[in-house]
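# A closer look at the structure
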Amino acid sequence: MRFFMTQQACVISQLTLEFPSKVMFKHLNFSLESNQVSALIGRNGQGKSLLMQMLNKMLALDSVITSGQISWHVKYAYLPQLHRLTALTIAEALDILDIYDAFKRVEQGNADFDDYDLLEGKWDLPTLWNNLLESAGLPTDLDFPVKNLSEGQKTKLALSCLFLKSGHYLLLDEPSNHLDQESRQWLIDHLKKHPAGSLIISHDRTLLNEVDHIYHLNEHGLHHTTGNYEKFYGQYQTNIAALEQSIQQSQREVKHMKQKQHDVLMKAQKRERAGNKLRESNSQAKILLDFKKEQAGQSIAAIQSQHQRQISNSQNDLKDKKLLLETVKPQQFVFPSFHKKSGEILRIKKLKLKHGTQKPIDLAIQAAQKIHITGQNGIGKSTLLKAIHAQNNQPCDSIHLSVECFYLDQNFSFLCDEMTVIENLSHLNNELSELEWRNLLGQLRIRGDKGIQLLSQLSGGEKLKVALLALSQIEPAPELLLLDEPENHLDIESRELLANAIQSYEGAVLLVSHDQLFVESSGIHESFSLI
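Reading the values: rules and limits
Residues numbered from 1 in each chain as written. Predicted model: local features only at pLDDT ≥ 70, side-chain atom pairs only at ≥ 80, totals over all residues. Heavy atoms only, no water. Disulfide = S-S within 2.5 Å. 1 Å grid on protein atoms, 1.4 Å probe; cavity = no way out; pocket = protein on both sides within 12 Å on 5 of 7 lines; lining within 4 Å. Points joined across faces, edges and corners; volume = space filled by probe spheres on them. Helix = DSSP H or I, 4+ residues; strand = E, 2+ residues; numbered from the N terminus. Nonpolar A, V, L, I, M, F, W, Y, C, P; charged D, E, K, R; others polar. Pairing = 2+ DSSP bridges. Axes fitted to C-alpha atoms, helices over the stretch in contact; angles between N-to-C directions. Contact = heavy atoms within 4.5 Å. Expected span 1.5 Å × (residues − 1). Buried < 20%, exposed > 50% of the residue type's maximum accessible area, 1.4 Å probe, protein only. Arc of directions from axis to C-beta. Parallel < 35°, antiparallel > 145°, perpendicular 65-115°, else oblique. Left-handed = near helix turned anticlockwise from the far one by under 90°.

### Overview of the state of the cysteines
On inspection of all chains with the given rule, the structure shows 0 disulfides. Considering cysteine sulfurs only, C396 is the nearest to C405, which forms no disulfide, with 13 Å between them.

Here's what the structure looks like:
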C-alpha cells in the first residue's frame, strides 16, 4: 500500500437515491481521498454505476428521487461503462485537437500569434502524447481513425485521454473491460502514477488487489475498508463467521427459553393439582383456597405472557440475522454427476480460421480435460469456439467431435430476455414441472415472483444462476463446455459461483478468459495458445 499526506478530493453527505418502487441506497456518508486509488464494489444491480453517475453530477433518469450533498474540492473526469468514444481520430479522442492543429501549423511554417500563445509552456506535450500512446500499444499517428481500433484499443484510448488530465480525480466504471493481461497491467501502472487519485468500479480481483481503499455497497449501506480487496475479503469472511456464530447462539437461547417456559408451566400445573387435592380434602377454608387459585392463575398467565414475549423477540432477532446472512453469504452451485465417455472427445486437425490467426490449428481434447485458450485480442479465440460449436449443424472436415457440446458466452445468449425465467427453463427441458423448477430456483435464492419475471429484469448474478440451472438440467447432458469470457459483466460473488461450478463440472471445458484469477479459481491449469 502507498502512504501519502492525503486530502479529501470529495466529501459525500446523506446521499440517497430512490425509484418509485425501490430504494437503491439511503443516507450514504463517505469521502474520497486525493492521491489514492479507491474501488467501489458490490453485487450487480446494487447501484454502483448510478452512484458514480451522481458523483459525476450527470444522473438523468425519469421518476427518480435524489437527495444529499456532493462537495468536490478538485476537478474530476468520468469514464462510463458503455459508449466510451465518439471521436473520429486519436487526436480528437485525446481531447487535444486544438493544440495538435497548432503544432502542425508551427511545423508547416504558417502559425500565427494565437498558435504560439496556445502552445506556451506546452512544447513537451507531443513527447508526452507519444510516450503514453506507445506504452498503451496504440498507433502514435494522431490522425489515425478510431474506427480501425479493436474494442480493447478503444478502451485504452479513452483511458489515455483521462490520464492526460493529471489534475483531475478519475471516476472509472469498469475500466478493465475488453483489456487483455498486458493491457490490464498498463492500466494498473497508470492508475498508480495518476497524481490526483481515482475511484474505480471493478470486478477484477487482480486490479482490486492494487487499490488503497475498498467501498463495499450492499443492501445495508456503504462500508469502507482501508487496504486492498484481499484485506477487505478477510474482514468480510470474519464478519460472516461471527454472524453464523451469533445465529447458532440465538438458536440455543430460543431453545433454552422454550424449555424454561415448559418447565415453569409443568411446575405451575403441579402446584395447581396439589391445590385441587387440598381443596377436596377440606383442610383449608374454601374462600382462601379460591383466592390462592385465582392468584396462581394470574401469576401463571403473567409468566407465560412474559416468556412468550421473550421468545417472540428472540425469534424475530434470529429471523433478522438469518435474512442478513442470506444477503451477505455467497452462494454455491454444483453440477450434478453424469455418465460420460472416456478417451478422446475432440480432435482438430489443420483448422484454418475465417478470422484471426492464419496459422493452422491442431488440438486434441480428452474426456474431462479442462483447457484455457489464450492469445491476444483479435487472434481468433472466440472464432475457434464458435467453429467447434458449429459442428452440431455444419460439420467441417478439420474438426471431429464425438460428444454433445454447449456454447456459453458472456451474454448467456442461449436464454431469451423477452421470456420469463420459468418459460426459459421449460423451453430447455419440458420434463420438469413449474413447481419442480420453482423448487430448484428457490435453492439458488430466486424466489417468489422472480420466476415469472422477464429474464431481462434480473441482475447479472441472477441470470447466471438461471443459465447454470438450465445447463445442469439439459438432456442429454453436454460433455464439453465452450466458455467464451463468461465472467464478463459479473460481480465478484457471481464470478466465484461460476468458477466453483466449472470446477465441479465433470466434463471437458475450453475456456476463453483474460482474468487469470478466474481461470485458476475454475480449477484450470492447462493452456493452449493461439499465435
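### Things to note about the layout of surface pockets
The volume enclosed by the largest pocket comes to roughly 1,500 Å³. When contributions to the lining of the largest pocket are tallied by element, the ones reaching two or more residues are β2 (22–33), α1 (48–55), α10 (286–328), α14 (460–473) and α15 (492–504). Looking at side-chain class alone, the lining of the largest pocket contains 8 nonpolar, 19 polar and 15 charged residues. Every residue lining the second largest pocket is counted, 23 residues in all, and those nearest its centre are D180, E182, S183, Q376 and N377. If you list the elements that add at least two residues to the lining of the second largest pocket, you get α6 (151–163), α7 (181–193) and β12 (370–374). The leading source of residues in the lining of the second largest pocket is α7, at 4 residues. Looking at the lining of the second largest pocket residue by residue, the classes come out as 3 nonpolar, 15 polar and 5 charged.

### A word on the sheet that holds strand β3 (residues 37–41)
Read across the sheet, 6 strands follow the order β5-β6-β7-β3-β8-β9 without closing on themselves; strand pairing throughout is mixed. With one partner strand each, in any of the chains shown, β5 (75–79) and β9 (221–226) form the two edges of the open sheet. Across this sheet, the average inter-strand angle for adjacent strands is 15 degrees, counted without regard to direction. Pairing geometry for strand β8 (residues 213–218) and β9, over 6 bridges, is antiparallel. Paired with N218 across the strands is G221, a residue of β9. The strands that α1 touches are β3, β5, β6 (168–173), β7 (198–201) and β8; relative to β7, the one it contacts most, it runs at about 155 degrees. Contacts from α6 reach β5 and β6 within the one sheet, and its direction differs from that of β5 by about 180 degrees.

### Some remarks on helix α3 (residues 97–108)
With 12 residues, α3 should cover 16 Å at 1.5 Å per step; its first-to-last C-alpha distance of 16 Å lies within 8% of that length. Every buried residue of α3 is listed here: I99, Y100, A102 and F103. Angularly, the buried residues of α3 cover 160 degrees about the axis, an arc narrow enough to put them on a single face. What points out from α3, more than 90 degrees from its buried face, is the exposed set D98 and Q108. On the buried face of α3, the contacting elements are α2 (90–93), α4 (113–119) and α5 (125–135). Just past α3, the residue G109 takes up positive phi, approximately 80 degrees.

### Section: α5
Every buried residue of α5 is listed here: L125, W129, L132 and L133. Take α5 and look down its axis: the buried residues cluster within an arc of 95 degrees, on one side only. The exposed set on the far side of α5, more than 90 degrees from its buried face, consists of T127 and E134. Next to the buried residues of α5 lie α2, α3, α6 and α7. The positive-phi residue at the C-terminal boundary of α5 is G137, with phi of around 70 degrees.

### As for the sheet that holds β2
Across the sheet, 3 strands lie side by side as β2-β1-β4; this open sheet has antiparallel pairing. Where the open sheet ends on each side, the last strands, each with one partner, are β2 and β4 (65–72). Between one strand and the next, the sheet's axes are offset by a mean angle of 0 degrees, whatever the strand orientation. Across the sheet, α1 touches β1 (8–19), β2 and β4, and the angle it forms with β1 is around 125 degrees.

### Quick notes on the packing of α14 against α15
At a closest axis distance of 10 Å, the pairing of α14 and α15 adopts a crossing angle of 15 degrees. Between α14 and α15, the interaxial angle falls into the category roughly parallel. Crossing geometry of α14 relative to α15 is assigned as left-handed. The segment α14 lies against α15, with G461, L464, K465 and L468 engaging S494, L497, L498 and A501. The residue makeup of the contact of α14 with α15, split by class, is 5 nonpolar, 2 polar and 1 charged.

### Focus on unusual backbone geometry
Of note, the amide linkage connecting E475 to P476 takes the cis form, showing an omega dihedral of -10 degrees. Along the polypeptide, P476 turns up in the loop between α14 and β15 (480–484). The backbone of E174 sits at a positive phi, close to 50 degrees, despite the residue not being glycine. Structurally, the position occupied by E174 is in the loop between β6 and α7. Its identity as a non-glycine residue notwithstanding, A368 has a phi of 70 degrees, on the positive side. Residue class for A368 comes out partly exposed when judged on its relative accessible area of 39%.

### What to know about the pairing of β3
Of all the 5 residues making up β3, 5 are buried; the element is thus mostly covered by neighbouring parts of the structure. Side chains V37, A39 and I41 of β3 all project onto a buried face; the interleaved residues S38 and L40 project onto the opposite face, where all are buried too. As judged from the 4 bridges shared by β3 and β7, these two strands associate in the parallel manner. When the sheet's bridge partners are listed, L40 is paired in β7 with I201. Bridge count between β3 and β8: 4 bridges; the pairing is parallel. Its bridge partner lying in β8, L40 is registered against Y215.

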